Amino acid sequence: MARLTVMQLLPALDSGGVERGTLEIGEALVRAGHRSLVVSGGGRLVGPLEAMGSRHIKLPIGAKSPQVLLTVRKLREAIQSNRVQIVHARSRLPAWIAYWALKKLDPRPRWVTTLHGLNSVSRYSEIMIRADRVIAVSEACMQYWLTHFPRLNPDKVALIHRGIDPRQFPYGARPAADKISRFRAQFGIPEGRALLTLPGRVTESKGGRALVNLIARLTIDGRDCQGLFVGEVKKSDYRKRLMVRIGRLGVVDRITFTGHREDIRGIMSMSDIVFSLSKKPESFGRTAVEALALGRPVIGYDHGGTGEVLATIYPAGRVPARDEKALFKKTLQFLDSAPLVPDRQPYLKSEMQRKTIALYESIVTPGEPG
């Protein structure tokens, strides 16, 4: 296959599944001998991206401001000057910018989008289905979009699950005892207290209130547990509301906010239970996959991608969505005796990379300049 030039578009490169997937595809493109460009507003992952061989072009294509329209011409120029053959938009606003930038190009590069979320049913969201090819990151995601967006042609949808590298999440891995002790000492968590972890950005939609309520119920029941929020707080007013509730329930010393951590894998691997409690269905459920790959028990709401992952790997961890009584009962059961997590991993990063590169190569006519 001739060398391809692929440009991925996303709002920023800070943290999250979309951002991680962007780096992983950039890595795979470079390894396959293709050229990888990424356009975003920047962020902490720009360095790692470029270290893998991709080139970053800073444009605020995700800025929620009328000024974002000024990026259309600049994006069009970047596409032309770099002789881009495939433009891959990973969220809605960058997809709109791509749509306007591509309209005046002849010949026009191929256009790909990835459905990373179960977005609102609206004309704004519908931009994601206008591409030449559309990638869905899970069966749950694909069915959602096919159900709610009847204009989406099933023939142009490719199901490509997200995935992880088992070498980065080895089954049974656990930090050394001294590292665990230092972590507990840093946050004032007594030795022996069970760690119940909710990884990911601390936002209202991620189910933080449910974890706080759970810790309060467990404390009343006499269980010695610590709730861990492992991730950055996106909105300070939400944390303030959580802290008010934590204070009212009397569990200030039972809840820890670690902030953004580079050692999230180690924290999950030392956790007694990892939770996935998003109030709205998620498209994939990467943290559940990662924790299960490490062999740690996961309890999650049985909807969206998380429900799909648990049904495939660890059905015992499913609870009805937003049912806090069922969540409490399941947690008690797991604290007493959690079912063993099987040592198998159907969601592989290598397969996601292989299938995505194959899709790219299939939609470019042989002989097109790159």
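Rules used in this analysis
Residues numbered from 1 in each chain as written. Predicted model: local features only at pLDDT ≥ 70, side-chain atom pairs only at ≥ 80, totals over all residues. Heavy atoms only, no water. Helix = DSSP H or I, 4+ residues; strand = E, 2+ residues; numbered from the N terminus. Rg over C-alpha atoms; globule rule 2.2 N^0.38 Å. Buried < 20%, exposed > 50% of the residue type's maximum accessible area, 1.4 Å probe, protein only. Contact = heavy atoms within 4.5 Å. Areas by Shrake-Rupley, 256 points an atom, 1.4 Å probe, with all protein chains shown as cover. Lys, Arg positive; Asp, Glu negative; His and termini not counted. Charge placed at Lys NZ, Arg CZ, Asp CG, Glu CD. Pairing = 2+ DSSP bridges. Axes fitted to C-alpha atoms, helices over the stretch in contact; angles between N-to-C directions. Core = buried A, V, L, I, M, F, W, Y, C linked by side-chain atoms within 4.5 Å. Left-handed = near helix turned anticlockwise from the far one by under 90°. Nonpolar A, V, L, I, M, F, W, Y, C, P; charged D, E, K, R; others polar.

1. Re the overall build of the protein chain
- Of the regular secondary structure elements, the protein chain holds 14 helices and 13 strands.
- Its C-alpha radius of gyration of 22 Å places the protein chain within 12% of the 21 Å reference for a compact globule of 370 residues.
- Sorting the 370 residues of the protein chain into buried and exposed places 53% on the buried side.
- Of all intrachain contacts in the protein chain linking residues separated by at least 6 positions in sequence, the fraction that spans at least 24 positions is 70%.
- Carbon and sulfur atoms provide 51% of the accessible area of the protein chain, an area that totals close to 16400 Å².
- In the protein chain, the 58 positive side-chain charges and the 34 negative ones have mean positions that sit 5 Å from each other.

2. Thoughts on the environment of Pro48
- Tracing the chain through its elements places Pro48 in helix 2 (residues 46–51).
- Residue class for Pro48 comes out partly exposed when judged on its relative accessible area of 34%.
- Along the backbone, Pro48 and Asn119 are 71 residues apart, and their C-alpha atoms lie at a distance of 29 Å.

3. A word on the sheet that holds strand 3 (residues 55–58)
- Strand order in the open sheet formed by seven strands is 3-2-1-4-5-6-7, with parallel pairing between adjacent strands. In the strand order of this sheet, the two ends are held by strand 3 and strand 7 (157–159), each with one partner. Across this sheet, the average inter-strand angle for adjacent strands is 25 degrees, counted without regard to direction.
- In the sheet, strand 2 (residues 35–40) pairs with strand 3 via four bridges, with the strands oriented parallel. Residue pairing in the sheet places Val38 in a bridge with His56 of strand 3.
- Its contacts with the sheet put helix 1 (residues 17–31) on strand 1 (5–9) and strand 2, and the angle it makes with strand 1 is roughly 175 degrees.
- Across the face of the sheet, helix 6 (residues 139–148) comes into contact with strand 5 (110–115), strand 6 (133–136) and strand 7 while running at roughly 160 degrees to strand 7.

4. A short note on the sheet that holds strand 13 (residues 318–319)
- The sheet built from six strands is open, its strands ordered 10-9-8-11-12-13 with parallel pairing. With one partner strand each, in any of the chains shown, strand 10 (255–257) and strand 13 form the two edges of the open sheet.
- Where strand 12 (residues 298–301) and strand 13 come together, two bridges link them in parallel fashion. Opposite Gly300, over in strand 13, you have Arg318 as the bridge partner.
- Relative to the sheet, helix 12 (residues 304–313) contacts strand 11 (273–276), strand 12 and strand 13, its axis offset from that of strand 12 by approximately 135 degrees.
- Lying over the sheet, helix 13 (residues 324–337) contacts strand 8 (194–199), strand 9 (225–230), strand 11, strand 12 and strand 13, oriented at roughly 170 degrees with respect to strand 12.

5. Things to note about the nonpolar core
- Formed by 86 residues in total, the largest nonpolar core has its most connected members in Met7 and Phe275.
- Ala28, Leu29, Ile86 and Ala158 belong to the second largest nonpolar core, which has 16 residues in total.

6. Focus on the packing of helix 1 against helix 14 (residues 349–363)
- Helix 14 packs onto helix 1 with a crossing angle of 65 degrees between their chain directions and a minimal axis gap of 10 Å. Between helix 1 and helix 14 lies a crossing whose hand is right-handed. Facing Glu24, Ile25, Glu27, Ala28, Leu29 and Arg31 of helix 1, the residues of helix 14 in contact are Lys349, Met352, Gln353, Thr356, Ile357 and Tyr360.
- A class-by-class count of the residues in the contact of helix 1 with helix 14 yields six nonpolar, two polar and four charged.

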